[in-house]
Amino acid sequence: MTTVLGISAFYHDSAAALVRDGEIVAAAQEERFTRRKHDAGFPSQAIDYCLKAAGLEPEQVDYVCFYEKPLRKFERLLETYLAFAPSGFASFRMAVPLWLKERLWMSRTMRRALGANLKSSLIFTDHHESHAASAFFPSPFDEAAILTLDGVGEWSTTTFGHGSGNKITLAQHLQFPHSLGLLYSAFTYYCGFRVNSGEYKLMGLAPYGRPTYCDAITKHLIDIKPDGSFWLNTEYFNYCQGLTMTNDRFHRLFGGPPRAPESNLEQRHMDLAASIQSVTEDIFLRIGRHIFEQTRSRNLVLAGGVALNCVANGKLLREGPFDSIWIQPAAGDAGGALGAALFVWYQLLNNPRRANPHDSQKGSLLGPRWTSSDVERVLSGQGAQYSTYNHEPELLDRVTELLAAGKIVGWFSGPMEFGPRSLGARSILGDPRSSEMQSVMNLRIKFRESFRPFAPCVLAEEAHNWFDLAPGQESPYMLLVAPVAQSRRIHASAEEARVMAEAPDLRERLRMPRSTIPAVTHVDYSARVETVDERRHGRFYRLMKNFYRKTGCPVLVNTSFNVRGEPIVCTPNDAYRCFLATDMDALVLEDVLLVKGTVAPAMAESERERHLQQFQLD
Ligand SMILES: [Fe+2]
């Protein structure tokens, strides 16, 4: 038996993953345990969890692999500073102490953290090799083209190559500072959202805008070649030498200073979001065509933070040359931990690989789990009153009844998800047919911006009847955006269409009827779809099936189980506290059900405030 522990840390989204004889046994992000979103610290608790899940002591691990090469990354920092010196001194001064303290001495840091008895070999893979490995090795393909896109690793920002059997080869690299991830982050920053977490919001904002700035972007900021490679004009950016993303020249080009966080969103910001999204999609399509010409592969795998751009992914699948696309669910740096471990097992140890036609990611349900007895112990300790259902159909009937009555239900079942999306293990659920659901969930449950859309989950076998997806097309990791099927749309009058396109108050736009499932239909009729099947999702699938039988609707709203700024809940206690601090109506923790107002106490207002204030706005 050979075990490999993969680790990613010290940038953002630290994580650990454990692979035993090629099987992915466990994987988790550190933020879920420390309750600090995007925690970049050494992932001690995630490692502890992975070892426990595999029944291992640290000294029993054969290989420990870190997801990037610290020396090469430091080299980039130094060279970038020298190229821009002396103007980069502020960011250089911020970065160097951290590097000298722990990053350059990674071997020592890791040995110290894993304990004195660690006998395993330490390996360092390349950042984009780790992303590429995380995309190809768990994929359902024996061979596939590979594309990785992110902000930056050591030097690379974009790589493409090919995977076949147990080997990956990266043939071409684009290098820092030419980075699609950093370009997207520059617009994220400029529109008043947080870099490395607000990119998702910018993507969600794009459908409210018109891509009127595309010409300005392609004329001044980025030179895109026919093969999708690109060159950024660094005169408009500040990330090489400063502590911000953009500079005055950029601000002049787009008509003013960056939007202050939380301030009013203007049409200009929406148009900027639409424009950078459109440019991103164009690059995706061009690169896709180029890789296809180079590899002639019908399959494509993707990873790197930019691969979380599910709108671009959906477009590449619909309009690009590939028959099938598989995207690593933990596409950001957390997934690098998993890629690093798989890279050791396949590429370095040369173990044979046979692709699992359903993929080897196990639904990305790779985190810790709890039994109903654990839950009962926690709740009794808190003095909560609850009902335990020993017979699953009764529990599902009761939850269906609540959902169909418009109630919002916290759903905690099985192992926690690995990656940024909730997939039905730690989710908040609602009825998508309700026209109020989107604003109620945004404002009373998640305490977040009212413009943000919600994602649908749909029974896999019904997906093509509700969304423009080919029959059998899966999206089990919520990484593809597809239009809501024409047959489910409600025709908008000319006046309604005008309001949807122009009303300054975005809530007004959302109030317009768009489809029979308005809560999950964006203003451009798009939806970020998760397909749910019984093999991967078990009880969650059976819940949805039950809801479908009772209501005729095979779709639910599925949003992550957290409030704004909070990492997704991990333990029953995290879930219980989130339930009390919000207006959620009911909570399912394995076989246990709590319904607010009947059997569960409310949290005192002061405690509720305290709970919510510990999470910084993201
Ligand atoms: Fe990365």
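Residues numbered from 1 in each chain as written. Predicted model: local features only at pLDDT ≥ 70, side-chain atom pairs only at ≥ 80, totals over all residues. Heavy atoms only, no water.

Topic: the coordination of the iron ion
Part 1 of the reasoning: Every protein donor of the iron ion is accounted for by H127 (NE2), H131 (NE2), D150 (OD) and D333 (OD), and the metal-donor separations fall at 2.1 to 2.3 Å.
Part 2 of the reasoning: Coordination geometry of the iron ion: the 4 donor atoms subtend angles of 88 to 170° at the metal centre, consistent with an arrangement described as irregular.
Part 3 of the reasoning: Sequence spacing of the donor residues for the iron ion, all on one chain, is H-x3-H-x18-D-x182-D. A residue pair is termed a helical-turn pair when its members lie 3 or 4 positions apart in one helix, as H127 and H131 do in helix α6 (residues 127-136) at 4 residues. Grouping residues by exposure puts H127 and H131 together as buried. (Donors = N, O, S within 2.8 Å, 3.2 Å for Na, K, Ca; no water. Tetrahedral: all angles 85-135°; square planar, octahedral: opposite > 155°, others 65-115°. Helix = DSSP H or I, 4+ residues; strand = E, 2+ residues; numbered from the N terminus. Buried < 20%, exposed > 50% of the residue type's maximum accessible area, 1.4 Å probe, protein only.)

Some remarks on the sheet that holds strand β12 (residues 324-327)
Sheets are built from strands paired through backbone hydrogen bonds, the pairs being either parallel or antiparallel.
Part 1 of the reasoning: Spatially, the 5 strands line up as an open sheet ordered β8-β7-β6-β11-β12, and their pairing is mixed. With one partner strand each, in any of the chains shown, β8 (167-175) and β12 form the two edges of the open sheet. Recorded for the sheet is a direction-independent mean angle of 20° between the axes of neighbouring strands.
Part 2 of the reasoning: As judged from the 4 bridges shared by strand β11 (residues 299-303) and β12, these two strands associate in the parallel manner. Following the sheet pairing, L300 is matched in β12 by I325.
Part 3 of the reasoning: Sheet strands touched by helix α12 (residues 310-319): β11 and β12. Its angle to β12, the strand with the most contacts, is close to 160°. (Pairing = 2+ DSSP bridges. Axes fitted to C-alpha atoms, helices over the stretch in contact; angles between N-to-C directions. Contact = heavy atoms within 4.5 Å.)

Some remarks on the pairing of strand β20 (residues 586-589)
Part 1 of the reasoning: On β20, burial covers both faces: A586 and V588 on one face and L587 and L589 on the other are all buried.
Part 2 of the reasoning: Pairing geometry for strand β14 (residues 409-412) and β20, over 4 bridges, is parallel. Residue pairing for β20: F412 is matched across the bridge by L589.
Part 3 of the reasoning: Two elements, β20 and strand β21 (residues 592-595), share 4 bridges in a ladder whose sense is antiparallel. Counterpart to V588 in the pairing with β21 is L593.
Part 4 of the reasoning: Between β20 and β21, which pair antiparallel one after the other, the connecting turn spans 2 residues, and E590 there sits at a positive phi close to 55°.

Details of the sheet that holds strand β13 (residues 387-388)
Part 1 of the reasoning: With respect to topology, 9 strands assemble into an open sheet ordered β13-β21-β20-β14-β15-β19-β16-β18-β17, the strand pairing being mixed. A single partner strand is all that each edge strand has here, and the edge strands are β13 and β17 (480-483).
Part 2 of the reasoning: When β14 meets strand β15 (residues 426-430), the two strands line up antiparallel, connected through 4 bridges. Directly across from F412, in β15, lies its bridge partner R426.
Part 3 of the reasoning: Its contacts with the sheet put helix α14 (residues 372-381) on β13, β20 and β21, and the angle it makes with β21 is roughly 35°.

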